[in-house]
Amino acid sequence: MSALMKVARVNKLFTPIIVRSASDSVKYPKITTHYTIHPRDNDERWKGVNMERFIDEVDVVIVGGGPAGMSAAIRAKQLAAEQQKEIRVCVVEKAAEVGGHILSGAVVDPVSINELFPNWKEMGAPLNTPVTKDTFSYLTDAGRISIPIFKGWPMDNHGNYVVRLGHLVKWLGEQAEALGVEIYPGCAAAEVLFHKDGSVKGVATNDVGIAKDGSPKDTFARGMELHAKTTIFAEGCRGHLTKQIMRQFNLNEGSQHQTYGIGLKEVWEIQPEKHQPGLVEHTIGWPLDKLTYGGSFLYHLNEPTPTIAVGFVVGLDYQNPWLSPFQEFQRFKTHPKVREVFEGANRIAYGARAINEGGFQSLPSKLTFPGGCLVGCSAGFLNVPKIKGSHYAMKSGMLAAESALESIMGEKQETTGYEPKSYPDKIKNSFIWKDLYKVRNVRPSFHNPLGLYGGMMLSGISIFLGGREPWTLKHAGLDNQSLKLASQCPQIVYPKPDNKISFDLLSSVALTGTNHEGDQPAHLTLHSDRTPIDHNWALYEGPEQRFCPAGVYEYVPNDEGGNMKLQINAQNCIHCKTCDIKDPKQNINWVVPEGGGGPAYNGM
């Protein structure tokens, strides 16, 4: 039996057999009703329900309509037109509209869009704010120490643009549609489909009409199947289908594990006299301690109103379970050298996303597999010191499209699904590979006894040498294994929000535009309903209620005896994937929402 046929036998998600006693049902109330944990085959309520799907066949399916996915779609259609060929390219995007799940406020290197659309300025691409000034500072608890930025260093943004990335992605979507790309917004890819030989066949979209208890409603409708010769996964950081693909084809064999951070962001309208379009500011230091990796960014956009995007990144390898990235972000804004920009201003949006921080060492050893490939943040293409990945996402999507068409229009493949085999070499010969290799030692250099101070010294040496040092540092352990026991760490007492500069969590979530139907299964699934109480609460005082930036996880009294239970407020979820990464036992698995009309999320 071939290795691929063995893969085909295990292509379903892990579904544990759960046996619950009466006492268990009281102490551990059933939380998860999703079919990936409680299969429908074993549920009497699903007997006789029509489970057939409509099937459509295309040449290329792209999962995710972000910068990588849209660039792949555009490039595929461009190449087909150049060769006078007709191909069908389909993009599946879970947001209600293209660009809707993209957080605004980014600094974009135009190198990829210059290649994709050399006349993008004449075409009206929304890159309106060239960077005019860069600052980089170390914050003490009351002051700011400037750190010089030299030309050509990762922090140098000369020639880049401050953009609302959601607007750019929406514009890319318009160009893709003009070229004939079929885009399905509001349709999340929920399942990977496989041929009998184990190669990827395509994806199935999410079902609708499922009640919170996991039963079918009268409105139940099956998702559709999209079959393709090649499937390009552009889900972004920690995509749930990408996780499955990586496991099944062992794409990370020989690579280091991925590490992550959580990036929180707000958009503000500030007083006109404080607005400096094109100003880019970064800080490290306060309020984080020396052993917690992270820092801030603040970008001044050129909008009809004086708009800024401010954000804070915390490495998810932090150790203190009492730490709340959201609260650290709110505290940052109150710094004496920072708060002045927010005084008299109006906060208009909030959001959060996990970001890849593993860099070169954590890139998959295999970027392709029979039937498809990984692009953008699905593959981990992000430059940590630059805090940039959009231009890598676009370029990798373009290279994947080129390779996919070479396969589709070339010689017959070994498997039914077409593998874009030239894609890895194209990546290795591109600026993506060279850039990430140069900065490979920056992030892991912070794993030293001196923490931030040792990391600044070591990464400074690496940057000065341009990555030519003859060593490659390794990352420390997995992010979910980094927490110390709650009893071993000082409890952090955060100040109450003033509702002017700092805010509470729920009022912030209200600004994300998140909208899930209340009567649909929670898409934050637990492999075991026991683990939150027996492990997370017992050892860490429930860290998920602090590392989640949306108030999804909440420990509430279970009885009068002081026992607790976990409550999942899935309607609050803003799809950041932090829980999927940081949960100590990896008991939480994020899957796409199913059962409602699909997730609506107004990006910023």
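Below you will find a few notes about this structure. Not measured: the values here are computed from a predicted model.

As a further point, take the sheet that holds strand 14 (residues 260–269). Spatially, 6-5-15-16-17-14-18 is the arrangement adopted by the seven strands of the open sheet, whose pairing is mixed. Each of the sheet's edge strands pairs with one partner strand only, and the pair in question is strand 6 (144–146) and strand 18 (346–356). Taken pair by pair, the neighbouring strands of this sheet meet at an average axis angle of 20 degrees, ignoring direction. Across seven bridges, the pairing between strand 16 (residues 294–300) and strand 17 (residues 307–315) is antiparallel. Residue pairing for strand 17: Leu298 is matched across the bridge by Val310.

Two numbers describe how helix 3 (residues 67–82) lies on helix 6 (residues 165–178): the axes approach to 9 Å, and their chain directions differ by 20 degrees. The pairing of helix 3 with helix 6 is recorded here as roughly parallel in orientation. The crossing of helix 3 and helix 6 is left-handed. Contact residues: Pro67, Met70, Ser71 and Ile74 in helix 3; Val169, Leu172, Gly173, Gln175 and Ala176 in helix 6. Considering only residue class, the contact of helix 3 with helix 6 consists of six nonpolar, three polar and no charged.

We now examine empty space enclosed by the protein. For the structure on display, the rule yields eight cavities of 30 Å³ or more. Within this model, the second largest cavity holds a volume of roughly 80 Å³. Taken together, Lys212, His516, Glu517, Gly518, Gln520, Pro521, Ala522, His523, Ile568, Ala570 and Gln571 form the lining of the second largest cavity. Residue classes in the lining of the second largest cavity are distributed as four nonpolar, five polar and two charged.

This brings us to the packing of helix 3 against helix 9 (residues 390–408). Direction vectors running N to C along helix 3 and helix 9 enclose 35 degrees, while the axes themselves pass 7 Å from each other. In the packing of helix 3 onto helix 9, the handedness of the crossing is right-handed. Contacts from Pro67, Ala68, Ser71, Ala72, Arg75, Ala76, Leu79 and Ala80 of helix 3 reach helix 9 at Ser390, Ala393, Met394, Gly397, Met398, Ala401, Glu402 and Leu405.

Turning our attention to the side chain of Asn536. Tracing the backbone shows Asn536 in helix 14 (residues 531–540). Note on Asn536: relative accessible area 1%, which makes it buried. Polar contacts involving the side chain of Asn536 include one to the side chain of Glu544, which spans 3.1 Å.

Next up on the list: the nonpolar core. Judged by nonpolar contacts, the single largest core of 77 residues is most densely connected at Ile62, Phe233, Ile245, Phe381 and Tyr423. Counting residues per element, this core draws most heavily on helix 9, which supplies nine residues. In this structure, Tyr28, Ile262, Phe329 and Ile533 belong to the second largest nonpolar core, which totals 59 residues.

On to helix 7 (residues 240–248), then. Residues three or four positions apart in an α-helix share a direction because the helix packs 3.6 residues into each turn. Counting buried positions along helix 7 gives eight out of nine residues, so the element sits mostly inside the fold. Among the residues making up helix 7, those that are buried are His240, Leu241, Thr242, Lys243, Gln244, Ile245, Met246 and Gln248. Downstream of helix 7 by one or two residues, Asn250 has phi in the positive range, about 55 degrees.

A contiguous nonpolar surface patch, about 260 Å² in accessible area, is contributed by Met457, Leu458 and Ile461. Structurally, Ile461 can be placed in helix 12 (residues 452–464).

A word on the packing of aromatic side chains. Using the criterion set out here, one finds 17 aromatic pairs in the structure. Aromatic side chains Phe360 and Tyr437 sit 5.2 Å apart centroid to centroid with 80 degrees between the ring planes, which places their arrangement in the edge-to-face category. Linking Phe360 in the loop between strand 18 and strand 19 (368–369) with Tyr437 in helix 11 (residues 431–438), this pair joins segments that are 77 residues apart in sequence. An aromatic cluster is built from Phe194, Phe233, Phe249 and Phe369, whose rings are joined through pairwise contacts. Lying across the ring of Phe329, Lys333 places its NZ or CZ 5.2 Å from the centre. The lysine or arginine in question, Lys577, covers the ring of Trp590, its NZ or CZ lying 4.4 Å from the ring centre.

Looking now at the environment of Pro185. Tracing the sequence through the fold places Pro185 in strand 8 (residues 182–185). We classify Pro185 as partly exposed; its relative accessible area is 36%. Put simply, Pro185 and Glu174 are 11 residues apart on the chain and 13 Å apart in space, counted from C-alpha to C-alpha.

Moving on, we get to the pattern of salt bridges. Across all of its chains, the model carries 28 salt bridges by this definition. Close ionic contact of Asp43 with Arg45 constitutes a salt bridge, the shortest N to O distance being 2.8 Å. Using a relative accessible area of 37% as the deciding quantity, one classes Arg45 as partly exposed. Between Asp317 and Arg443 there is a salt bridge whose closest N-O contact spans 3.0 Å. In this pair, Asp317 sits in the loop between strand 17 and helix 8 (325–332) while Arg443 sits in the loop between helix 11 and helix 12, placing the two residues 126 residues apart along the sequence. Each member of the pair, Asp317 as well as Arg443, carries the same accessibility label: buried.

Rules used throughout
Residues numbered from 1 in each chain as written. Predicted model: local features only at pLDDT ≥ 70, side-chain atom pairs only at ≥ 80, totals over all residues. Heavy atoms only, no water. Pairing = 2+ DSSP bridges. Helix = DSSP H or I, 4+ residues; strand = E, 2+ residues; numbered from the N terminus. Axes fitted to C-alpha atoms, helices over the stretch in contact; angles between N-to-C directions. Parallel < 35°, antiparallel > 145°, perpendicular 65-115°, else oblique. Left-handed = near helix turned anticlockwise from the far one by under 90°. Contact = heavy atoms within 4.5 Å. Nonpolar A, V, L, I, M, F, W, Y, C, P; charged D, E, K, R; others polar. 1 Å grid on protein atoms, 1.4 Å probe; cavity = no way out; pocket = protein on both sides within 12 Å on 5 of 7 lines; lining within 4 Å. Points joined across faces, edges and corners; volume = space filled by probe spheres on them. Buried < 20%, exposed > 50% of the residue type's maximum accessible area, 1.4 Å probe, protein only. Polar contact = N/O pair within 3.5 Å; in protein donor to acceptor, adjacent residues only side chain to side chain. Core = buried A, V, L, I, M, F, W, Y, C linked by side-chain atoms within 4.5 Å. Patch = residues over 30% accessible without salt bridge, like charges linked within 9 Å, V, L, I, M, F, W, Y side chains within 5 Å. Areas by Shrake-Rupley, 256 points an atom, 1.4 Å probe, with all protein chains shown as cover. Salt bridge = Lys/Arg side-chain N within 4 Å of Asp/Glu carboxyl O. Phe/Tyr/Trp six-rings, centres within 6.5 Å; stacked < 30°, edge-to-face > 60°. Lys NZ or Arg CZ within 6 Å of the ring centre and 35° of its normal.

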